[in-house]
Amino acid sequence: MDTNNNDTFRVAIVTGGSRGIGRATALRLAEGGYAVVVGYSANEAEADKVVAQIEERGGRAVAAGGDVSDGGVVRAMFDTAEQEYGGVDAVVHAAGQMRLAPVAELDLDDLDRTLRVNVRGTFAVAQQAARRLRGPGALVLFSTTVVPLAFPTYGAYSASKGAVEALTPILAKELRGRDVTVNAVAPGPTATDMFLDGKSEEQIAGLAKLPPLERLGTAEDIAAAVAFLVGPDGHWVNGQVLRANGGII
Ligand SMILES: NC(=O)c1ccc[n+]([C@@H]2O[C@H](COP(=O)([O-])OP(=O)(O)OC[C@H]3O[C@@H](n4cnc5c(N)ncnc54)[C@H](OP(=O)(O)O)[C@@H]3O)[C@@H](O)[C@H]2O)c1
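What this report covers is the structure whose coordinates are included nearby. (Residues numbered from 1 in each chain as written. Predicted model: local features only at pLDDT ≥ 70, side-chain atom pairs only at ≥ 80, totals over all residues. Heavy atoms only, no water.)

### Notes on the overall build of the protein chain
Counting secondary structure elements, the protein chain contains nine helices and seven strands. For 249 residues, the compact-globule estimate of 2.2 N^0.38 gives 18 Å, and the protein chain sits close to it at 17 Å. C-alpha atoms of the protein chain, sized along the principal axes, occupy 55 × 35 × 35 Å. Evaluated residue by residue, the protein chain yields a buried proportion of 51% over its 249 residues. Looking at the protein chain alone, contacts between residues at least 24 apart form 74% of all its contacts between residues at least 6 apart. Summed over its atoms, the accessible surface of the protein chain is roughly 11500 Å², and 51% of this surface lies on carbon and sulfur atoms. Taking the average location of the 23 positive side-chain charges in the protein chain and that of its 30 negative ones, the two points are 5 Å from each other. (Helix = DSSP H or I, 4+ residues; strand = E, 2+ residues; numbered from the N terminus. Rg over C-alpha atoms; globule rule 2.2 N^0.38 Å. Buried < 20%, exposed > 50% of the residue type's maximum accessible area, 1.4 Å probe, protein only. Contact = heavy atoms within 4.5 Å. Areas by Shrake-Rupley, 256 points an atom, 1.4 Å probe, with all protein chains shown as cover. Lys, Arg positive; Asp, Glu negative; His and termini not counted. Charge placed at Lys NZ, Arg CZ, Asp CG, Glu CD.)

Okay, structure coming up:
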């Protein structure tokens, strides 16, 4: 149970909560006593399932849809948290997209789409979090272990996540005095739609061998790292990029 605030229950917004890492994080935080705003883009039905699962286990949750690169949508998610649950203590920004192509063949419109969701979306969420997170609080952003691994074809995606890594310690410093931490989690290969879609069995097996722990990460592995960062045990970790990847580097 997370008891950073002694007097009230805690409230989390999880973008990308309809699938993958965001879904596992929403479920994990709800188990720890958080009321959760479950963000989604297109998959309302999946987000509703996550809400139902949390409620079945006795927790509180509400779904909130829309594109995270739209400032109004993100503002509305925070409004929902405040109206439904009285405030926001943790923001986990798991929503993201990945398109792969060698630079020579990159469609610049695809680059724009990737940057719009992964960079502008991160800024839209970070801006509201900076204004509205109450302390003790935490913002967790998402990078990727591909940033240091520098795999070919990941140029646009990795560049967008490099921006997240650059922002993380800057925002941590901007929030001096607020008792709010800002960190990024950088997963390695993790068995979600984003990783599995479009890859052959051989590619998946090869990437699963990369970590010394010799398996793919699970969404739950990453949710556990996030839960550490947003809980009292992780509160002294601030401005960092946590490479949760089974030891790839
Ligand atoms: N899986 C990996 O191996 C891996 C590795 C390193 C880093 N990451 C990062 O970890 C984070 C979570 O990835 P994942 O693997 O869980 O991805 P995923 O399974 O593809 O899920 C992506 C989530 O983001 C939401 N989303 C996508 N575009 C959105 C938008 N424009 N506005 C709002 N929500 C949007 C999706 O909503 P809908 O369901 O409505 O589409 C979905 O909930 C991402 O930032 C990703 O870059 C993943």
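After that view, the rundown keeps rolling.
### Some words on the packing of helix 3 (residues 71-85) against helix 4 (residues 108-132)
One can describe the packing of helix 3 onto helix 4 by two numbers: an axis separation of 9 Å at closest approach and a directional angle of 35 degrees. You can see that helix 3 and helix 4 cross each other, and the crossing is right-handed. Judged by residue contacts, G71, V74, R75, F78, D79 and E82 of helix 3 engage A124, V125, Q128, A129 and R132 from helix 4. (Axes fitted to C-alpha atoms, helices over the stretch in contact; angles between N-to-C directions. Left-handed = near helix turned anticlockwise from the far one by under 90°.)

### As for the sheet that holds strand 6 (residues 180-185)
As summarised here, the arrangement of the seven strands in space is 3-2-1-4-5-6-7, forming an open sheet in which the pairing is parallel. The open sheet is flanked by strand 3 (61-65) and strand 7 (241-242), the only strands paired with a single partner. The pairing of strand 5 (residues 133-142) with strand 6 spans six bridges and is classified as parallel. Bridge assignment links G137 to a residue of strand 6, and that residue is V180. On the sheet, helix 4 packs against strand 1 (10-15), strand 4 (88-93) and strand 5 and is oriented at approximately 170 degrees with respect to strand 5. (Pairing = 2+ DSSP bridges.)

### Considerations on the environment of G246
Of note, G246 is situated in the segment after strand 7. With residues up to four places along the chain from it excluded, the contact list for G246 reads P211, P212 and L213.

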